[in-house]
2 protein chains.
Amino acid sequence: MPEQGLRERKKQATRRRIADVATALFAARGFDNVTVAEVAEAANVSKMTVFNYFPRKEDLFLDRHADRIAALEEVVRERPEGTSVVEAMRRHHHELLAARHPLSGAIEGVVGFWQVLRSSPALVQRMHEQGREIEDALAAVLAEEDPDATRTRVVAGLLTAVIGSVFGIAVSRILDGDDVEEVRRDQVGVLDRAFDLLEHGVGGYGRR
Amino acid sequence: MPEQGLRERKKQATRRRIADVATALFAARGFDNVTVAEVAEAANVSKMTVFNYFPRKEDLFLDRHADRIAALEEVVRERPEGTSVVEAMRRHHHELLAARHPLSGAIEGVVGFWQVLRSSPALVQRMHEQGREIEDALAAVLAEEDPDATRTRVVAGLLTAVIGSVFGIAVSRILDGDDVEEVRRDQVGVLDRAFDLLEHGVGGYGRR
DNA sequence: CCCAATCTTGGACCCAGTAAAAGTTTATGA
DNA sequence: TCATAAACTTTTACTGGGTCCAAGATTGGG
């Protein structure tokens with residue numbers, strides 16, 4: 001993995017440069033008001049090369065996706081003995097919050113990120129698509145230790161739904177202008193309530 | 001609502017004609033191999049008019065969405081006294097299956113529909129987007145009787161996830177060529193197992 | 001040092017979707 | 001019934017994402 005040649009290093013550098021230039025342009029003028037051609041020009045590269053590294057325009061902005069999937073896969077696979085999948089996931093997200101990790105959604109400095117994201121339907125859609133990719137990845141990991149395909153699929157769906165909801169709640173509040181640190185504190189409770197619903201079920205919900 | 005003038009009747013007729021012509025073309029040659037211009041020509045209408053009725057190309061194919069949302073909203077709103085939201089939803093989907101309703105996913109005659117759908121990433125994506133619209137709609141209905149925004153959001157997410165998983169399982173099997181009637185029978189069990197997970201929780205899942 | 005593999009480039013091209021203006025049909029009301 | 005308004009359609013032109021291809025530049029390996 002390490003010890004790459006000049007070629008590979010240049011590629012990574014180019015990739016980073018393109019993504020950084022693009023992110024700056026999007027932040028300054030909005031996603032939809034920047035064309036791929038402009039990004040290419042600003043990065044001293046041809047349009048074709050941009051699409052070489054990033055198959056869709058949206059990927060220029062949402063380029064941390066692979067890392068996130070890998071992290072979640074690891075959480076499930078490497079969970080300690082005696083820990084259920086949901087427990088492991090709950091703990092992981094508590095840790096993200098405590099560490100003020102960007103993926104917790106609630107952290108200073110990414111406000112602009114969410115603003116850019118919200119301003120573009122294409123970006124929002126791509127983000128949700130990434131959510132589904134997470135679901136697929138989780139289902140695959142679960143299938144490694146559970147031969148019941150129906151169950152793995154449903155559990156993966158439920159798990160992803162909870163993560164997505166919790167995440168979405170934080171992002172909404174931040175976009176509404178709530179104080180980031182306050183949101184972060186509140187998220188601890190939101191997280192637990194959401195995971196409680198998942199762990200214990202919503203059987204009686206709404207009975208009247 | 002009824003008693004429409006000539007204008008409105010013509011509009012509905014045109015809308016239907018465009019959608020039908022489009023569906024036929026897609027079935028014959030695949031979604032991606034048919035341009036909107038071709039649809040327009042085949043329907044004796046200008047391209048602009050097609051976009052007038054269907055804001056995106058994908059909507060030419062997935063044009064039953066509004067009905068589905070309305071049905072699910074009604075299931076929750078009009079559920080009988082003493083029935084929880086999840087129970088109502090479970091029952092509704094059992095009824096769809098028993099009635100061999102297209103929305104149960106498992107019914108003869110829609111195989112071609114799924115094939116066309118699967119063949120186009122754009123269509124698949126639009127379908128998932130519709131799934132999110134269902135989630136939003138459910139969250140809104142739940143919010144009418146539950147002031148806890150966090151809870152409504154999470155429950156709506158979980159509910160939609162289960163529905164989506166169950167649906168997806170049926171469609172996958174049918175696309176794999178499994179006998180439709182057999183899939184339909186199996187879905188009864190799939191449905192109950194999925195809703196059981198939702199009602200009673202997945203707390204201990206994967207503990208080792 | 002040279003060849004082969006691997007980027008990169010430029011340019012032409014396709015198609016979904018938008019904008020604006022002019023044309024056509026239906027509705028309205030005097 | 002007829003003129004005018006309102007609603008719908010068409011035409012034309014354009015933007016911009018994304019693909020294709022052939023030719024040019026770079027790098028790695030022998």
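In the annotation of an unreviewed UniProt entry, chain A is listed under the name TetR/AcrR family transcriptional regulator and assigned to Pseudonocardia adelaidensis.

*Asks:* Sorry if this is basic, but what is going on with the overall build of chain A here?
*Replies:* Helices and strands together make up the secondary structure of chain A, namely nine helices and zero strands. Secondary structure of chain A in N-to-C order comes out as α-α-α-α-α-α-α-α-α. Expressed as lengths along the three principal axes of its C-alpha atoms, the size of chain A is roughly 60 × 40 × 30 Å. Counting every position in chain A, which comprises 208 residues, the buried fraction comes to 31%.

*Asks:* Looking at this structure, I do not really get the protein's contact with DNA strand C. What am I missing?
*Replies:* Residues in close proximity to DNA strand C total 20 residues, the closest being T49 of chain A together with G5, R7, T35 and K57 of chain B. Among the secondary structure elements, those contributing two or more residues to the surface near DNA strand C are α1 (6–29) and α3 (47–53) of chain A together with α1 (6–29), α2 (36–42) and α3 (47–53) of chain B. Looking at side-chain class alone, the surface near DNA strand C contains eight nonpolar, six polar and six charged residues.

*Asks:* What exactly am I supposed to notice about the relation of the copies chain B and chain A here?
*Replies:* One copy of the chain maps onto the second through a rotation around an axis plus a translation along that axis. Of the transformation placing chain B onto chain A, the axial shift is 0.1 Å and the rotation is 180°, giving an RMSD of 0.1 Å. These values place the two chain copies in the arrangement generated by a two-fold rotation axis. Residue G201 of chain B, judged by its C-alpha, is the member of chain B lying nearest the rotation axis, at 1.9 Å. When the interface residues of chain B are mapped onto chain A, 100% of them again lie at the interface, so the same face is used by both copies.

*Asks:* So what exactly am I meant to see when it comes to the interface of chain B and chain A here?
*Replies:* Where interface size is given, it is often the accessible area lost as the parts come together that is meant. On the side of chain A, 38 residues touch chain B, which itself brings 38 residues to the contact. Elements supplying a minimum of two residues to the side of chain B that touches chain A: α5 (85–98), α7 (121–143), α8 (149–175) and α9 (180–200) of chain B. At 12 residues, α8 of chain B tops the list of elements feeding residues into the side of chain B that touches chain A.

*Asks:* Which parts of the structure should I look at to understand the nonpolar core?
*Replies:* Ranked by size, the top nonpolar core spans 72 residues in total, and within it L158 and V162 of chain A together with L158 and V162 of chain B carry the most contacts. Among all residues touching V162 of chain A, those that are not within four sequence positions of it are A194, F195 and L198 of chain A together with V154, G157 and L158 of chain B. Of all hydrophobic cores here, the second largest spans 14 residues; its members include A22, V50, F54 and L117 of chain B.

*Asks:* What's the story with the domain arrangement of chain A in this structure? I'm lost.
*Replies:* Residues and elements named next belong to chain A. Taken domain by domain, chain A holds domain 1 (1–62) and domain 2 (64–201). Spacing between the C-alpha centres of domain 1 and domain 2 amounts to 27 Å. Contacts between the two partners involve eight residues from domain 1 and, on the opposite side, 10 residues from domain 2. Of the residues in the side of domain 1 that touches domain 2, the class split is five nonpolar, one polar and two charged.

*Asks:* Would you mind going over unusual backbone geometry with me for this structure?
*Replies:* Keep in mind that most residues, glycine aside, have a negative phi and that most peptide bonds are trans. Even without being a glycine, N44 of chain A presents a positive backbone phi close to 55°. With respect to the helices and strands, N44 of chain A occurs in the loop between α2 (36–42) and α3.

*Asks:* Even after reading the chapter, I still don't get the UniProt feature "domain: HTH tetR-type" (unreviewed entry) in chain A, so can you show me in this structure?
*Replies:* The feature "domain: HTH tetR-type" (unreviewed entry), as given by UniProt, occupies residues 12–72 of chain A in the numbering adopted here. For the annotated span residues 12–72 of chain A, helix accounts for 66% and strand for 0% of the residues, and the straight-line distance between the end C-alpha atoms is 24 Å.

*Asks:* How do you make sense of the UniProt feature "DNA-binding region" (unreviewed entry) in chain A when you look at a structure like this?
*Replies:* The UniProt entry lists residues 35–54 of chain A under the feature "DNA-binding region" (unreviewed entry), expressed in the numbering used here. For the annotated span residues 35–54 of chain A, helix accounts for 70% and strand for 0% of the residues, and the straight-line distance between the end C-alpha atoms is 14 Å.

*Asks:* Explanation requested: the packing of helix α4 (residues 65–77) of chain B against α7 of chain B in the structure shown.
*Replies:* Residues and elements named next belong to chain B. Between α4 and α7, the least distance of the axes is 10 Å, while the angle of their chain directions is 30°. Taken together, the axes of α4 and α7 lie roughly parallel to each other. Viewed along their axes, α4 and α7 form a crossing whose handedness is right-handed. Contacts between α4 and α7 involve H65, I69, L72, E73, V76 and R77 from the former and Q130, E133, I134, A137, L138 and V141 from the latter. A breakdown of the residues in the contact of α4 with α7 according to their chemical character gives seven nonpolar, two polar and three charged.

*Asks:* Would you take a moment to explain the environment of L62 of chain A for this structure?
*Replies:* All names here are of chain A. In this structure, L62 sits in the loop between α3 and α4 (65–77). The exposure class assigned to L62 is partly exposed, which follows from the 17 C-beta atoms found within 10 Å. Along the primary structure L62 and S119 are separated by 57 residues, whereas in three dimensions their C-alpha atoms are 14 Å apart. Apart from the residues lying within four places of it in its own chain, the contact partners of L62 are L123, R126, M127 and Q130.

What counts and how
- Residues numbered from 1 in each chain as written.
- Chains lettered and ligands numbered in written order.
- Predicted model: local features only at pLDDT ≥ 70, side-chain atom pairs only at ≥ 80, totals over all residues.
- Helix = DSSP H or I, 4+ residues; strand = E, 2+ residues; numbered from the N terminus.
- Buried ≥ 20, exposed ≤ 12 C-beta atoms within 10 Å, placed from the backbone.
- Near = placed C-beta within 6 Å.
- Nonpolar A, V, L, I, M, F, W, Y, C, P; charged D, E, K, R; others polar.
- Least-squares fit on C-alpha atoms with pLDDT ≥ 70 in both.
- Contact = placed C-beta atoms within 7 Å.
- Core = buried A, V, L, I, M, F, W, Y, C linked by C-beta atoms within 7 Å.
- Domains from an automatic or database assignment.
- UniProt positions renumbered as here; feature names shortened; annotations may be inferred.
- Axes fitted to C-alpha atoms, helices over the stretch in contact; angles between N-to-C directions.
- Parallel < 35°, antiparallel > 145°, perpendicular 65-115°, else oblique.
- Left-handed = near helix turned anticlockwise from the far one by under 90°.

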